[in-house]
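Fold and contact review
Residue-level listing of the chains:
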Amino acid sequence: MAVDPKTTCYDGTCAQSFQFYLQHSGEHKAILQSLHNILPGEFKRIGVDQSSLDVLGVGSGGGEVDVEILTLLQSTFPAVPITTDIVEGSTQLTDNFKALVAKTPNLQKIPFAWHLMSSENYETQVKAKGDMKKFDFIQMIQMLYYVDNLADTITFYQSLLKNNGRLMIIVEAANSGWDILWKTYKKELAVDAITDYRSSAEVLACLKSLGLKYEEHATPNTFDITECFNPSSQTGKSLLNFMTAKNNFDESLTPEIRAGILDLLRNKCSTEKDGRVIFNSNLTCILVHA
């Protein structure tokens, strides 16, 4: 099976950088906290009178959030069979996901179909087959930055929902530190896997233009980036590499750009507390109706 090389940005050193970021930022913890508040009620409504429940994860990475979502769905409907399809372009992260499933006892009864490809390639494949499997719940967590056409992607995946289904999109919030950083330095940063940075502002505008019904939920998060301002800190370098999507922040950008980014991070993207620089990493969870 051919894999689009663009989608494997989270293999090799990039996958390691991503895992480092997740450990440092607490992002998954913030997402899970939000989902535990939002999803139980949604699942009860989605699953009413269903003889089976079908879930699709798009850009699911190492599966840490998907596993929690499936566990939550299972606990809501313990007697209802669940199937799961996963679309993910990274071989390394898919292997991590499979390993996580293998050591999660409650997931052993759930059949997984693994699609090692980009979301666009999955769309092409499904349309070519003409056999559109429909889903009760589709999640797209932190992946809409990597698609070529936002409106086409949302339209296609929303069309895969069953009548009562929901498409859950999680992206960085409008006016978060990420949004400010990537829009201010779009020319320098949006040049590789991400060529068109989108926060919740762009996603919500797209949903409105498509006439789709949705609900929006704030998912607050912050993390400490003080080490980014210590030139000898390896943690700081690793964070800057991930936050700017560069293999080497110091070598990839001019001294002027680096200084400008550090100034922006400190003064526009963060707040200072007890001498620490705390980055605004707020997210937005959007539930799109069928």
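Residues numbered from 1 in each chain as written. Predicted model: local features only at pLDDT ≥ 70, side-chain atom pairs only at ≥ 80, totals over all residues. Heavy atoms only, no water.

**Description of the pairing of strand β4 (residues 135–141)**
To keep things clear, this is the line we draw: Note on exposure labels: buried denotes an accessible area under 20% of the residue type's maximum, exposed denotes more than 50%, and partly exposed covers the range between, all computed with a 1.4 Å probe on protein chains only. The secondary structure listing takes helices from DSSP runs of H or I that are at least 4 residues long and strands from runs of E that are at least 2 residues long, numbered from the N terminus. Here, any two strands with at least 2 DSSP bridges between them count as paired.
Among the seven residues that make up β4, seven are buried, leaving the element largely enclosed by the rest of the structure. Bridging between strand β1 (residues 53–58) and β4 involves four bridges; their strand directions are parallel. Residue pairing across strands places Val58 opposite Met140, the latter belonging to β4. As paired elements, β4 and strand β5 (residues 161–172) share six bridges and run parallel to each other.

**Focus: unusual backbone geometry**
Positive phi, close to 70°, is recorded for Asn175, a residue that is not glycine. Examined against the element boundaries, Asn175 turns out to sit in the loop between β5 and α7 (177–184). Residue classification places Asn175 among the exposed residues on the basis of a relative accessible area of 60%.

**Brief notes about the side chain of Glu42**
Quick reminder of the rule: In this description, contact between two residues means that some pair of their heavy atoms is separated by no more than 4.5 Å.
In this structure, Glu42 sits in helix α2 (residues 27–46). When neighbours within four sequence positions are excluded, Glu42 is seen to be in contact with Arg166, Glu215 and Leu287.

**Details of the packing of helix α5 (residues 119–129) against helix α6 (residues 150–159)**
Heads up, the rule is: Note on geometry: axes are C-alpha line fits, over the in-contact stretch for helices, and angles between N-to-C directions span 0 to 180 degrees. An angle below 35 degrees is treated as roughly parallel, one above 145 as roughly antiparallel, one from 65 to 115 as roughly perpendicular, and anything else as oblique. A crossing counts as left-handed when the near helix is turned anticlockwise from the far one by less than a right angle, and as right-handed when that turn is clockwise. Nonpolar residues are Ala, Val, Leu, Ile, Met, Phe, Trp, Tyr, Cys and Pro. Charged residues are Asp, Glu, Lys and Arg, and all others, Gly as well, are polar.
Contact pair α5 / α6: the axes reach a minimum separation of 11 Å and the direction vectors enclose 50°. Here α5 is positioned oblique relative to α6, judged by the angle of their axes. α6 is crossed by α5, and the crossing has left-handed handedness. Between α5, through Ser119, Tyr122, Glu123, Val126 and Lys127, and α6, the contact on the second element is made entirely by Asp152, Phe156 and Tyr157. Of the residues in the contact of α5 with α6, the class split is four nonpolar, one polar and three charged.

**Quick look at helix α9 (residues 200–210)**
Note the threshold: By construction, the arc corresponds to the directions joining the helix axis to the C-beta atoms.
By the burial criterion, the buried members of α9 are Ser200, Val203, Leu204, Cys206 and Leu207. Around the axis of α9, the buried residues are gathered within 155° of arc, so they sit on the same side. Residues of α9 that are exposed and angled more than 90 degrees away from the buried face: Lys208 and Ser209. At its buried positions, α9 is contacted by α6, β5, β6 (214–219) and β10 (283–289). At the exit of α9 stands Gly211, carrying a positive phi of roughly 75°.

**Looking at the environment of Val58**
Mapped onto the elements, Val58 comes out in strand β1. For Val58, a relative accessible area of 1% corresponds to the buried category. A sequence separation of 166 residues divides Val58 from Asp224, and the C-alpha atoms of the two residues are 29 Å apart. The contacts of Val58, once residues within four sequence positions are left out, are Val87, Ser119, Ile138, Gln139, Met140, Ile141, Met143 and Tyr157.

**Focus on the sheet that holds strand β7 (residues 222–224)**
Pairing is antiparallel in the open sheet, where three strands are placed in the order β7-β9-β8. Only two strands of the sheet have a single neighbouring strand rather than two, namely β7 and β8 (270–273). In this sheet, neighbouring strand axes are inclined to one another by 30° on average, regardless of whether the strands run parallel or antiparallel. Pairing analysis gives three bridges linking β7 to strand β9 (residues 276–280), with the strands arranged antiparallel. Bridge pairing in β9 places Phe223 opposite Phe279.

**A few points about the layout of surface pockets**
Keep this limit in mind: Of the grid points, spaced at 1 Å and generated over the protein atoms alone, those admitting a 1.4 Å probe that cannot get out make up cavities, while open sets with protein on both sides within 12 Å along at least five of seven lines make up pockets; any residue with an atom within 4 Å of a point is treated as lining. Grid points are joined across faces, edges and corners, and a volume is the space filled by probe spheres set on the points.
Considered as a void within the structure, the second largest pocket measures approximately 200 Å³ in volume. Considering the residues around the second largest pocket, the lining is formed by 16 residues, among which Cys228, Pro231, Leu240, Phe249 and Asp250 are closest to the centre. Those elements that place two or more of their residues in the lining of the second largest pocket are α10 (234–244), α11 (249–252) and α12 (255–267). Here the lining of the second largest pocket gets four residues from one element, more than from any other, and that element is α10.

As far as function goes, none of this settles anything; it's purely spatial.
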